[in-house]
2 protein chains.
Amino acid sequence: MRIGELSRRSGVPVATLKHYLREGLLPRGRATSRTQAEYGEGHVHRLRLLRALTEVGGLSLAAARTVLDAVSTPGTSVTQALGVATDALPPRPSQDADLDLSPALRALELAGWVTWPDSAAVRQLATAMRALEAAGLDASPELVAERARLLAPLVREEVAAVPDGALADAVTFAALGTVLYEPVLLALRRLGHQDASVRRFGMPEPGS
Amino acid sequence: MRIGELSRRSGVPVATLKHYLREGLLPRGRATSRTQAEYGEGHVHRLRLLRALTEVGGLSLAAARTVLDAVSTPGTSVTQALGVATDALPPRPSQDADLDLSPALRALELAGWVTWPDSAAVRQLATAMRALEAAGLDASPELVAERARLLAPLVREEVAAVPDGALADAVTFAALGTVLYEPVLLALRRLGHQDASVRRFGMPEPGS
């Protein structure tokens, strides 16, 4: 298809498509003349991922590109490719050289989870635990391990839903799932708090 | 204490404190002369919350002020006050008048959760489900209800941890907990995905 058709199919204006082509966010089409190129379903698919990551996931174009590159150059195993994609996603972990990872690693050990000490998510957890502690809230490895145990059935169900087929599909699903299911999880957590509050503290007064 | 001592105790520069006073983010101290005022422990406490919300929670000063105001003017019940605080927190839900809430409400009904149709978190859930659907991922009420059931033990444990004492303490804990435990939960989810990936797909190759 020509660029005008790609624009109609994807809902992305032609000027924006040209910007993506210049920035390397979208691979060039097959040149059919000096000024025209032909685009395929792969372009439509990549644009769909790009818009989902930026508009829903709130990623910058640079961050979306890192994720798309991870997805399209998978590693030697699904586990490794998933790790690359996950580590590329925001938030960027603290680069603070003084960050003490040991409370986070201790929590994961108590929970019995397999992990890698150099994973970005370990740094994210250590940063989040340090922030809780600074605010005077409980951030002990024991409490975090207990929360991990309570979260385990949910995350295992999410990974069980990863398709069994091609590696690129699994990684695409995992990267999109991490970004796009996060808002679902956070909204559900708040709604669960409302439900649990009513159960513990009773209904609000009518009309309030 | 004088403003210099408040600055030392809180780690916030005097110029920033003066900005907070002008903007109403920090209540004025008790005037002791035409140019001097006396500050108390309440000021130290409020500054601690303010820094936690902005630096850790990533809230703008305006959003932090909304949360602090909700915390310091509680409603008639803990449930209601928690709802006010939660609804004030980011992300702002979509104001799209065409947003269809029914898939989100159906998911909550299937999960058996008590909720309010006009809650900001219902709009957040509906927005997140619409985004999943747009990206071609499963966003059925049945799937979301199943995730809600798997998340329920965790959120009930979080609400059980809310202190039993004063209303303001409960709301402060809930508002801070919502913002500050979110990064813990998201980091744990990713680490749980790593663990579940290893269990399902095996360890990555050594050295990779």
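Residue positions are counted from 1 within each chain, in the order its sequence is given. Whichever chain is written first is A, and whichever ligand is written first is 1; the rest continue in order. Local features in a predicted model are, by the rule used here, given only for residues with pLDDT of at least 70; side-chain atom pairs are given and counted only at 80 or more, and totals for whole chains, interfaces and linings are based on all residues. Working from all heavy atoms in the structure, the side-chain values ignore hydrogens and water.

Caption draft 1: Representation of helix α1 (residues 3–10) of chain A within the structure. Residues and elements named next belong to chain A. For α1, the complete set of buried residues consists of Leu6, Ser7 and Ser10. Summarising the axial view, the buried residues of α1 lie within an arc of 100°, below the 170-degree limit, and thus occupy one face. Phi turns positive one or two residues past the end of α1, at Gly11, with a value near 75°. Per-residue accessibility, obtained with a 1.4 Å probe over protein chains only, is compared with the maximum for each type, and a residue is labelled buried under 20%, exposed over 50%, and partly exposed between these values. A helix here means a DSSP run of H or I that spans at least four residues, while a strand means a run of E at least two residues long, and both kinds are numbered starting from the N terminus. The directions considered for the arc are those from the helix axis to the C-beta atoms.

Caption draft 2: Quick look at the nonpolar core. One finds A:Leu125 and B:Leu125 to be the most contacted residues of the largest nonpolar core, which totals 114 residues. Throughout, a contact is declared for two residues whenever any of their heavy atoms are within 4.5 Å. Not counting chain neighbours up to four residues away, the residues in contact with A:Leu125 comprise A:Ala104, A:Leu108, A:Val144, B:Val184, B:Ala187, B:Leu188 and B:Leu191. We define a nonpolar core as any set of buried Ala, Val, Leu, Ile, Met, Phe, Trp, Tyr and Cys residues linked to one another through side-chain atoms lying within 4.5 Å.

Caption draft 3: A look at the confidence of the model for chain A. All names here are of chain A. pLDDT is a residue-level measure of predictor confidence that goes from 0 to 100. A residue-level look at chain A finds 82% of positions with pLDDT of 70 or above and a mean pLDDT of 82. Across chain A, the secondary-structure element scoring lowest on mean pLDDT is helix α5 (residues 78–88), at 68, and the one scoring highest is helix α6 (residues 102–111), at 95. With pTM at 0.74, the complex prediction returns an ipTM value of 0.75.

Caption draft 4: Representation of the interface of chain B and chain A within the structure. In this assembly, 81 residues from chain B lie in contact with 82 residues from chain A. The buried area of a pairing is the accessible area, by a 1.4 Å probe, that goes missing from both parts when the two are put together, added over both. Summing both partners gives a buried area of about 7800 Å² for chain B against chain A, and 67% of it is carried by carbon and sulfur. The largest share of the area that chain B buries against chain A comes from B:Arg147, B:Arg189 and B:Arg190, three residues that together contribute 11% of it. Throughout this description, the term salt bridge denotes a Lys or Arg side-chain nitrogen within 4 Å of a carboxyl oxygen of Asp or Glu. Counting across the chain B and chain A interface gives eight salt bridges. Where A:Arg190 meets B:Glu182, a salt bridge forms, and the shortest distance between an N and an O atom there is 3.1 Å.

Caption draft 5: Summary view of the pattern of salt bridges. Per the stated rule, a full pass over the model turns up 18 salt bridges over all chains. Residue A:Glu5 pairs with A:Arg8 through a salt bridge whose shortest N-O separation is 3.3 Å. With A:Glu5 and A:Arg8 both in helix α1 and three residues apart, this pair spans about one turn of that helix. Here A:Arg8 falls in the exposed class, since its relative accessible area comes to 64%. One network of salt bridges, with partners in common, ties together A:Arg147, A:Arg189 and B:Glu158.

Caption draft 6: Spatial organisation of the relation of the copies chain B and chain A. Here chain B sits on chain A after a turn of 180° about the axis and a move of 0.0 Å along it, with an RMSD of 0.1 Å. One copy is carried onto the other by what is essentially a two-fold rotation axis. Measuring from the rotation axis to each C-alpha of chain B, the shortest distance belongs to B:Leu151, at 3.4 Å. Mapped onto chain A, 100% of the interface residues of chain B are again interface residues, and the two copies thus contact each other with one and the same surface. What sets the superposition is a least-squares fit of C-alpha atoms, and only residues with pLDDT of at least 70 in both copies go into it.

Caption draft 7: Local environment of the environment of A:Leu143. With respect to the helices and strands, the residue A:Leu143 is situated in helix α8 (residues 141–160). Considered as a pair, A:Leu143 and A:Leu110 are 33 residues apart in the sequence and their alpha carbons are 9.9 Å apart. In contact with A:Leu143, other than residues within four places in its own chain, are A:Asp138 and B:Tyr181.

Caption draft 8: Broad picture of the packing of aromatic side chains. Each Phe, Tyr or Trp ring, with Trp reduced to its six-membered ring, pairs with another whose centre is within 6.5 Å; inter-plane angles below 30 degrees give stacked pairs, above 60 give edge-to-face pairs, and intermediate values give tilted ones. Scanning the model with the defined rule gives zero aromatic pairs over all chains in all. Any Lys NZ or Arg CZ that is within 6 Å of a ring centre and within 35 degrees of that ring's normal is treated as a charge sitting over the ring. Above the plane of the ring of B:Tyr181 lies A:Arg147, whose end atom (NZ or CZ) is 5.6 Å from the centre.

Caption draft 9: Broad picture of the packing of α6(A) against α8(A). All names here are of chain A. Axis angles are defined between N-to-C directions and span 0 to 180 degrees, where every axis is a line fitted to C-alpha atoms and, for a helix, only to the segment in contact. For the pair α6 and α8, interaxial distance at closest approach is 8 Å and the crossing angle is 45°. Between α6 and α8, the angle falls in the class oblique. Of the two elements, α6 crosses α8, and the hand of that crossing is right-handed. Contacts from Pro103, Arg106, Ala107, Leu110 and Ala111 of α6 reach α8 at Pro141, Glu142, Val144, Ala145, Ala148 and Arg149. Angle categories: roughly parallel below 35 degrees, roughly antiparallel above 145, roughly perpendicular from 65 to 115, and oblique for all the rest. Left-handed describes a crossing whose near helix is turned anticlockwise from the far helix by less than a right angle; the clockwise case is right-handed.

Caption draft 10: Spotlight on empty space enclosed by the protein. Only protein atoms enter the 1 Å grid used here, on which a cavity is any set of points holding a 1.4 Å probe that cannot leave and a pocket is any open set flanked by protein within 12 Å on both sides along at least five of seven lines; residues with an atom within 4 Å of a point are listed as lining. Grid points are joined across faces, edges and corners, and a volume is the space filled by probe spheres set on the points. Under the defined criterion, the tally for this structure stands at four cavities of 30 Å³ or more. Here the second largest cavity defines a volume of roughly 50 Å³. What lines the second largest cavity is A:Leu143, A:Val144, A:Arg147, B:Leu154, B:Glu158, B:Tyr181, B:Val184, B:Leu185 and B:Leu188. If you list the elements that add at least two residues to the lining of the second largest cavity, you get α8 of chain A together with α8 (141–160) and α9 (167–201) of chain B. For this classification, Asp, Glu, Lys and Arg are treated as charged, while Ala, Val, Leu, Ile, Met, Phe, Trp, Tyr, Cys and Pro are nonpolar and the rest, including Gly, are polar. When grouped by side-chain class, the residues that make up the lining of the second largest cavity number seven nonpolar, no polar and two charged.

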